[in-house]
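# Remarks on the overall topology
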Amino acid sequence: QVQLVESGGGLVQAGGSLRLSCAASGLTFSSYAMGWFRQAPGKEREFVAAISRTGDITTVADSVKGRFTISRDNAKNTVYLQMNRLKPEDTAVYYCAADRDRSTYQIRFGTRDGMDYWGKGTLVTVSS
């Protein structure tokens, strides 16, 4: 079965950094664009970042631009989200997801269906 397992979440002070990891198994990792999404308390799930199959194209939400970076290591079947200068507003459950057929643009703007597979999430709490 396909599994996406997030790790790296935790409690951090505002201004600090965290790196989230998502380890994929049960799929041909390099055939999937990957994305990170988050859901804050009382809010809808929102797009955070996406990366193309080869890693040559990335896109991030305006709210995290300049602070978050998505990357992937296809040899390790892992996608990362480097989060710097964290703010309390970044507090959320962060989800890793995979999509076989869509571009990073389509993932960002939610067109043409949704992600194919989702992880269970990892909690990031940013204290002030």
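This text gives an overview of the structure that appears in the document. (Residues numbered from 1 in each chain as written. Predicted model: local features only at pLDDT ≥ 70, side-chain atom pairs only at ≥ 80, totals over all residues. Heavy atoms only, no water.)

### Quick word on the environment of Ser-71
Summarising the element assignment, Ser-71 is placed in strand 7 (residues 68-73). In this structure, the C-alpha to C-alpha distance between Ser-71 and Phe-29, residues 42 residues apart in sequence, is 13 Å. For Ser-71, the residues in contact, after removing those within four places along its chain, are Ile-51, Val-79 and Tyr-80. (Helix = DSSP H or I, 4+ residues; strand = E, 2+ residues; numbered from the N terminus. Contact = heavy atoms within 4.5 Å.)

### Brief notes about the sheet that holds strand 3 (residues 18-25)
Sheet architecture is open: four strands sit in the order 1-3-8-7, paired in antiparallel fashion. Of all the strands in the sheet, just strand 1 (3-7) and strand 7 have a single pairing partner and so form its edges. Averaged over all adjacent pairs, the angle separating strand axes in this sheet is 15°, with direction ignored. (Pairing = 2+ DSSP bridges. Axes fitted to C-alpha atoms, helices over the stretch in contact; angles between N-to-C directions.)

### Here's the deal with the packing of aromatic side chains
For the structure shown, the criterion picks out five aromatic pairs. Both rings, one in Tyr-95 and one in Trp-118, keep their centres 6.4 Å apart while their planes meet at 80°; by these two values the pair is edge-to-face. With Tyr-95 in strand 9 (residues 92-99) and Trp-118 in strand 10 (residues 117-118), the pair connects residues that are 23 residues apart, well separated along the chain. Taken together through their ring pairs, the aromatic side chains of Phe-37, Phe-47, Tyr-95 and Trp-118 make up a single cluster. Note that Arg-45 overlies the ring of Phe-37, its terminal NZ or CZ placed 5.7 Å from the centroid. (Phe/Tyr/Trp six-rings, centres within 6.5 Å; stacked < 30°, edge-to-face > 60°. Lys NZ or Arg CZ within 6 Å of the ring centre and 35° of its normal.)

### Topic: the nonpolar core
Met-34, Trp-36, Val-79, Leu-81, Met-83 and Tyr-94 are the most contacted members of the largest nonpolar core, which has 37 residues in total. Contributing elements (two or more residues each) for this core: strand 3, strand 4 (33-39), strand 5 (46-51), strand 7, strand 8 (78-83), strand 9 and strand 11 (122-127). Beyond its immediate chain neighbours, meaning those up to four positions away, Met-34 contacts Leu-4, Cys-22, Phe-29, Ala-49, Ala-50, Ile-51, Ile-70, Arg-72, Val-79, Cys-96, Ala-97 and Ala-98. (Core = buried A, V, L, I, M, F, W, Y, C linked by side-chain atoms within 4.5 Å. Buried < 20%, exposed > 50% of the residue type's maximum accessible area, 1.4 Å probe, protein only.)

### Notes on the pattern of salt bridges
Applying the stated criterion across every chain, the model contains five salt bridges. Two residues, Asp-62 and Arg-108, come together in a salt bridge whose shortest N-O distance is 3.0 Å. A residue pair is termed long-range when its members are at least 10 positions apart, and Asp-62 in the loop between strand 6 (58-60) and strand 7 and Arg-108 in helix 1 (residues 104-109) qualify at 46 residues. Between Asp-90 and Arg-67 there is a salt bridge, with the nearest N and O atoms lying 2.7 Å from each other. Residue Asp-90 is located in the loop between strand 8 and strand 9, and its partner Arg-67 is located in the loop between strand 6 and strand 7; the two are separated by 23 residues in the primary sequence. On the accessibility criterion, Arg-67 (5% relative accessible area) is buried. Each of the salt bridges in this network shares a partner with another, and the network as a whole consists of Arg-38, Glu-46, Arg-67 and Asp-90. (Salt bridge = Lys/Arg side-chain N within 4 Å of Asp/Glu carboxyl O.)

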